[in-house]
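# Fold and contact review
Listed here are the chains, written in short residue letters.
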Amino acid sequence: MAVIHRTTLKPTKLELLTSWLPSRPWYRGGTGEPRLAKAGGFRLDDPQGEVGIEFMVVTDASGPQPAAYLVPLTYRGAPLEGAEHALVGTMEHGVLGERWAYDGCHDPVLVAQLVALIEGRAQAQDQNVSDTPAQEVVVSRAEEGSLPTDFTVTDDREGTALTTPQGPVLRLHRALQPATNGPFVPLQGATGHVAGSWEAPDGTRAQGAFAVLHGGGR
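Residues numbered from 1 in each chain as written. Predicted model: local features only at pLDDT ≥ 70, side-chain atom pairs only at ≥ 80, totals over all residues. Heavy atoms only, no water.

## Things to note about the overall build of the protein
Note the cut-off: To qualify as a helix, a DSSP run of H or I must reach at least 4 residues; to qualify as a strand, a run of E must reach at least 2; elements of each kind are numbered from the N terminus. The globule rule is 2.2 Å times the number of residues to the power 0.38, and the radius of gyration it is compared with is taken over C-alpha atoms. Accessibility here uses a 1.4 Å probe with only protein chains present; expressed as a share of the type maximum, an area under 20% marks a residue as buried, one over 50% as exposed, and anything in between as partly exposed. Residues are treated as being in contact if the distance between any of their heavy atoms lies within 4.5 Å. Surface accessibility in these figures is a Shrake-Rupley result with a 1.4 Å probe; residues are shielded only by whichever protein chains are displayed. A positive count includes Lys and Arg, and a negative count includes Asp and Glu. His and the chain ends are not counted in either. Taken as the charge location is NZ of Lys, CZ of Arg, CG of Asp or CD of Glu.
Helix and strand counts for the protein come out as two helices and twelve strands. Secondary structure elements in the protein, listed N-terminal to C-terminal, are β-α-β-β-β-β-β-α-β-β-β-β-β-β. Taken over the C-alpha trace, the protein has a radius of gyration of 17 Å; the compact-globule value for 218 residues is 17 Å, and the two agree within 12%. Projected onto its principal axes, the C-alpha coordinates of the protein cover approximately 45 × 40 × 30 Å. Taken over 218 residues, the protein has a buried fraction of 46%. Partitioning the contacts of the protein with sequence separation of at least 6, the portion at a separation of at least 24 is 57%. For the protein, the accessible surface area stands at approximately 10700 Å², while carbon and sulfur atoms represent 50% of it. Once the 17 positive and 25 negative side-chain charges of the protein are each reduced to a mean point, those two points are 3 Å apart.

## Section: the side chain of Arg76
Put simply, the test is: Within 3.5 Å is the distance limit for a polar contact, defined as a pair of N or O atoms, with the added protein rule that one can donate a hydrogen and the other accept it, and that residues adjacent in sequence qualify only through two side-chain atoms.
Positionally, Arg76 belongs in strand β4 (residues 67-76). With a relative accessible area of 14%, Arg76 lands in the buried category. Polar side-chain contacts of Arg76 include one of 2.8 Å to the side chain of Asp107. What Arg76 contacts, discounting residues up to four positions off in sequence, is Val51, Glu98, Arg99, Trp100, Tyr102, Asp107 and Val109.

## Topic: helix α2 (residues 108-119)
The criterion, for reference: A helix's residues, less one, multiplied by 1.5 Å, set its expected span.
In a regular helix each residue adds 1.5 Å, so twelve residues correspond to 16 Å; α2 covers 16 Å between its end C-alpha atoms and thus fits that length. Taken residue by residue, α2 has Leu110, Val111, Gln113, Leu114, Val115, Ala116, Leu117 and Ile118 as its buried positions. Between the side-chain oxygen at the start of α2 and the backbone nitrogen of Val109 there is a gap of 3.0 Å, and the oxygen is on Asp107. Positive backbone phi, at 90°, marks Gly120, one or two positions downstream of α2.

## Overview of the environment of Glu50
Structurally, the position occupied by Glu50 is in the loop between β2 (36-44) and β3 (52-60). Taking the C-alpha atoms as reference points, Glu50 and Thr18, 32 residues apart in sequence, are found 26 Å from one another. Residues contacting Glu50, with those up to four places away along its chain left out, are Tyr75 and Arg99.

Written out as structure tokens, the structure is:
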């Protein structure tokens, strides 16, 4: 299990995201600097114990309406070859030293563990407490069989699409939409999903889809 260190980060994750988020096609804010707050999320374990994997939810109060974003991140002790385009920034970790933070949708370790989560082979972990399952993360899948992992990653206005030649599409919702009138209900035609909750700027709990799978396995 990943160990959550109680230590310093320079710059902080939110400081990195403040400069990075406006460059994303799915960012819905205005021209001013984002006003971010950490609002929820979960972690996954790297079986090799080398890469930190975090699905962070941040809220942004800079626009006319508050927005919430899903930001999957990986933390590495050395640069990931060929992923310069996905680098969010570097941080100095008080225990682990220099860390390279990446948009995790472009990191094969995170993608493989997200697939393992949907297939039921991995457990979502608490974002802030070591060796503790994340209680508010809900995973569902209608079909059995392994999913392909040779994804092509595309960022667009709606989020991030992970597509495969075999047909399945895994779409990550980056600008989160809270469910209305009750708990989250999967989209029609979806074959799986990962849903969770986060804290809205007004202090209430919101719930919605983080990732939705369309198409079956092999």
